[in-house]
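# Examining the three-dimensional arrangement
One-letter residues, chain by chain:
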Amino acid sequence: MRRLSVKVRITIWYTVFLVVITAGFLAVLTYTGNVRAGEMARAKLTESVSDARDQIGTLGENFIIDDDLDFYEDGVYISVYDEDGVLIEGRRPVELAALPDFGDGDMKRLDEEGETW
């Protein structure tokens, strides 16, 4: 078998080097894009819940909900539940069979039927 010329070996080395660097950059871009998308979703959820909280008050045992509260905005469902987990007012996705346990200030991730909520 014939040995490869110096020109061909350098071309192959350079091509492999560029492919490795390009793959590395694509991996970094994909990872940071996914992290940023998660941060944006968390920020949107936090903002929507904060806005809804400002429009909901209590009077003794009863909730006072502002009439212009939008229970679905920008892909975020807002629901108001009592202490026992019973829906008082709002919307929730039909696709969800069960809700996770609620906690003050907790964000839960729910995977159901190929969807992430």
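None of the values given here were measured: they were computed from a predicted structure. (Residues numbered from 1 in each chain as written. Predicted model: local features only at pLDDT ≥ 70, side-chain atom pairs only at ≥ 80, totals over all residues. Heavy atoms only, no water.)

Before going further, it helps to examine a negative patch on the surface. Residues Glu47, Asp51, Asp54, Asp70, Glu73 and Asp74 make up a contiguous surface patch of negative charge. Among the elements that take part in the negative patch, helix H1 (residues 6–54) stands out by supplying three residues, more than any other. Mapped onto the elements of the fold, Asp70 is located in the loop between strand S2 (62–65) and strand S3 (72–73). The exposure class assigned to Asp70 is partly exposed, which follows from its relative accessible area of 41%. (Patch = residues over 30% accessible without salt bridge, like charges linked within 9 Å, V, L, I, M, F, W, Y side chains within 5 Å. Areas by Shrake-Rupley, 256 points an atom, 1.4 Å probe, with all protein chains shown as cover. Salt bridge = Lys/Arg side-chain N within 4 Å of Asp/Glu carboxyl O. Lys, Arg positive; Asp, Glu negative; His and termini not counted. Charge placed at Lys NZ, Arg CZ, Asp CG, Glu CD. Helix = DSSP H or I, 4+ residues; strand = E, 2+ residues; numbered from the N terminus. Buried < 20%, exposed > 50% of the residue type's maximum accessible area, 1.4 Å probe, protein only.)

Turning to the packing of aromatic side chains, a few remarks are in order. One pass over the full model with this rule turns up two aromatic pairs. Taking the centre distance of 5.5 Å and the plane angle of 5 degrees together, the rings of Trp13 and Phe17 count as stacked. Placement of the pair is Trp13 and Phe17 together in helix H1, with a separation of four residues, close to one helical turn. A relative accessible area of 55% means that Trp13 is categorised as exposed. Plain terms: the ring middles of Tyr72 and Tyr77 are 4.7 Å apart, the flat faces sit at 55 degrees to each other, and that makes the pair tilted. With a relative accessible area of 35%, Tyr72 lands in the partly exposed category. (Phe/Tyr/Trp six-rings, centres within 6.5 Å; stacked < 30°, edge-to-face > 60°.)

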